[in-house]
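Take a look at the letters that make up each chain.
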Amino acid sequence: MVSEKFRTMNLHMSEAEQQINPPRHIAMIMDGNGRWAEKHGQLRVKGHEAGAETVDRMVSLCAEIGVEVLTLYAFSSENWERPALEVAALMRLLQHYLRRETGRLRERNIRLRAIGRLQRLDLPVRRELEKACAETAAGSGMTLNLAISYGGRDELCDAARAVCREVQAGQYACEAIDHQHLAAHLGTAGLPDPDIMIRTGGEFRISNFLLWQLAYAELYFSDTLWPDFSREELLRIIRDFHQRERRFGRVPGR
Ligand code: FPP
């Protein structure tokens, strides 16, 4: 069991939730909002709004059971190519979420962090994000890491550029660059790699998400559309995760 430091006290937790052994880092691709909206005869944006409620549920559960880091793929570098109206709606939703939730995150000792090319965000959204990160920076419980305007290949290119600059400045020899060094230049620097990556919505791909960090993650693909993803399903996945043998390329039992 993880230390009490990471648990957010919640008297409404079920016995199953209280007894679960939390993974350190869970990453999620929140897919299926559009199809959920279509299924309910609604506009796509309604699916994203319903998806934001699932975000609340997952953040609460993960903090309550003692997960250290929850990374959510909120907006990919490729999502900029969606119709302008949908992009605008997603940005509004994000801004609204940050405004509404920053206080609650702080109360629950949750630190907000963001990865991605945040410089592409409109200034009001970026300001709201920076404010939320600053106001929750002292949170020593769970880290909620939002991937926004994020692409794994962009992140690796940015890290490679930063390392090149250090080499050019004579601070490092090329031969001295190792895994730790490169990882220290990623948006996720300082965070443990994900133990579990869950994708909802029935597709079997990782779509440019955490390409470096998922090297040894256990992958779960669920048919559930993101707005329907429940606390119970996450608990089932975590229980299954504990049944898997993680060998990290080694021989079993050694
Ligand atoms: C993918 O579903 C989902 C997204 C591109 C956006 C995810 C955003 C949210 C869950 C809500 C806002 C987030 C926060 C953190 C408040 P899709 O639109 O590709 O669904 P489809 O495959 O069914 O079309």
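Residues numbered from 1 in each chain as written. Predicted model: local features only at pLDDT ≥ 70, side-chain atom pairs only at ≥ 80, totals over all residues. Heavy atoms only, no water.

**Student:** Describe the site of the ligand, and please don't skip the residues or the numbers.
**Tutor:** Neighbouring residues of the ligand: 17 residues in total, closest Asp31, Gly34, Arg35, Arg44 and Arg82. Within the backbone of Gly34, one N or O atom sits 3.0 Å away from an oxygen atom of the ligand. Protein contact buries 91% of the 630 Å² of open area that the ligand shows by itself. The cavity where the ligand resides is the largest pocket. Counting residues per element, the ones that place at least two in the shell around the ligand are α2 (33–39), α3 (44–65) and α4 (84–107). Looking at the shell around the ligand, the element that brings in the most residues is α3, giving four residues. (Near = heavy atom within 4 Å. Polar contact = N/O pair within 3.5 Å; in protein donor to acceptor, adjacent residues only side chain to side chain. Areas by Shrake-Rupley, 256 points an atom, 1.4 Å probe, with all protein chains shown as cover. 1 Å grid on protein atoms, 1.4 Å probe; cavity = no way out; pocket = protein on both sides within 12 Å on 5 of 7 lines; lining within 4 Å. Sits in = over half its atoms within 2 Å of the grid points. Helix = DSSP H or I, 4+ residues; strand = E, 2+ residues; numbered from the N terminus.)

**Student:** Which residues make up unusual backbone geometry, and what values go with them?
**Tutor:** Non-glycine residue Ser149 carries a positive phi angle of around 55 degrees. Mapped onto the secondary structure, Ser149 falls in strand β4 (residues 143–150). The phi torsion at Asn208 lies on the positive side, around 65 degrees, for a residue other than glycine. Note on Asn208: relative accessible area 14%, which makes it buried. (Buried < 20%, exposed > 50% of the residue type's maximum accessible area, 1.4 Å probe, protein only.)

**Student:** Give a description of the sheet that holds strand β1 (residues 25–29) that names residues and reports values.
**Tutor:** The six strands lie next to each other as β3-β4-β2-β1-β5-β6, forming an open sheet whose pairing is parallel. One side of each edge strand has no neighbouring strand; the edge strands of this open sheet are β3 (111–115) and β6 (218–221). The average angle at which neighbouring strand axes cross in this sheet is 20 degrees, direction not considered. Of the strand pairs in this sheet, strand β2 (residues 69–76) and β4 are connected by seven bridges, and their pairing is parallel. (Pairing = 2+ DSSP bridges. Axes fitted to C-alpha atoms, helices over the stretch in contact; angles between N-to-C directions.)

**Student:** Before we move on, could you go through a nonpolar patch on the surface and cite the residues and values that matter?
**Tutor:** On the surface, Phe204, Leu219 and Phe221 cluster together into a nonpolar patch covering about 300 Å² of accessible area. Looking at the element boundaries, Phe204 is found in the loop between β5 (196–199) and β6. (Patch = residues over 30% accessible without salt bridge, like charges linked within 9 Å, V, L, I, M, F, W, Y side chains within 5 Å. Salt bridge = Lys/Arg side-chain N within 4 Å of Asp/Glu carboxyl O.)

**Student:** Explain the nonpolar core to me, using residue names and the numbers behind them.
**Tutor:** Within the largest apolar cluster, 46 residues are counted, with the highest numbers of intra-cluster contacts made by Met28, Leu144 and Leu234. With near-sequence residues (within four places) excluded, Leu234 lies in contact with Ile26, Met28, Met58, Leu61, Cys62, Ile198 and Phe229. Of all hydrophobic cores here, the second largest spans eleven residues; its members include Ile29, Ala147, Tyr150 and Leu214. (Core = buried A, V, L, I, M, F, W, Y, C linked by side-chain atoms within 4.5 Å. Contact = heavy atoms within 4.5 Å.)

**Student:** Let's hear about helix α6 (residues 152–168): which residues, and what values?
**Tutor:** In an α-helix, one turn spans 3.6 residues, which is why side chains three or four residues apart end up on the same side. Taking 1.5 Å of rise per residue, 17 residues should cover 24 Å, and α6 covers 24 Å from first to last C-alpha, within 8% of that figure. Within α6, the full set of buried residues consists of Gly152, Glu155, Ala159, Ala162, Val163 and Glu166. The buried residues of α6 occupy one face: seen down the axis, they fall within an arc of 95 degrees. Turned more than 90 degrees off the buried face of α6, the exposed positions are Arg153, Arg165 and Gln168. In this structure, the buried side of α6 is in contact with β4 and α7 (179–183). (Expected span 1.5 Å × (residues − 1). Arc of directions from axis to C-beta.)

**Student:** Account for the packing of α3 against helix α8 (residues 231–243), naming residues and giving values.
**Tutor:** Two elements in contact, α3 and α8, have axes separated by 10 Å at closest approach and are oriented at 45 degrees. Relative to α8, α3 is oriented oblique. By crossing handedness, the relation of α3 to α8 is classed as right-handed. Residues Arg57, Met58, Ser60, Leu61, Cys62, Glu64 and Ile65 of α3 form the contact with α8, whose participating residues are Arg231, Leu234, Leu235 and Ile238. (Parallel < 35°, antiparallel > 145°, perpendicular 65-115°, else oblique. Left-handed = near helix turned anticlockwise from the far one by under 90°.)

**Student:** Run through the packing of α3 against α4, naming residues and quoting values.
**Tutor:** α4 packs onto α3 with a crossing angle of 25 degrees between their chain directions and a minimal axis gap of 10 Å. In terms of orientation, α3 lies roughly parallel with respect to α4. In the packing of α3 onto α4, the handedness of the crossing is right-handed. Taken together, the residues of α4 that come into contact with α3 (itself represented by Arg44, Val45, His48, Glu49, Ala52, Val55, Asp56 and Val59) are Glu86, Ala89, Leu90, Leu93, Tyr97, Arg100, Glu101 and Leu105. Here the residues of the contact of α3 with α4 sort into nine nonpolar, one polar and six charged. (Nonpolar A, V, L, I, M, F, W, Y, C, P; charged D, E, K, R; others polar.)

**Student:** How would you explain the layout of surface pockets if you had to name every residue and give the values?
**Tutor:** To locate leftover empty space, one rolls a probe as large as a water molecule over the atoms. The space that makes up the largest pocket amounts to roughly 690 Å³. If you go around the largest pocket, you meet 30 residues; those closest to its centre are Met30, Asn33, Tyr73, Ala74 and Asn79. Broken down by secondary-structure element, the contributors of at least two residues to the lining of the largest pocket are α2, α3, β2 and α4. Each residue belonging to the lining of the largest pocket can be placed in one class, and the counts come to 15 nonpolar, eight polar and seven charged. Considered as a void within the structure, the second largest pocket measures approximately 360 Å³ in volume. Lining the second largest pocket are 17 residues, and of these His179, Gln180, Ala183, Asp193 and Trp212 sit closest to its centre. Along the lines of polarity and charge, the residues of the lining of the second largest pocket split into nine nonpolar, five polar and three charged. (Points joined across faces, edges and corners; volume = space filled by probe spheres on them.)

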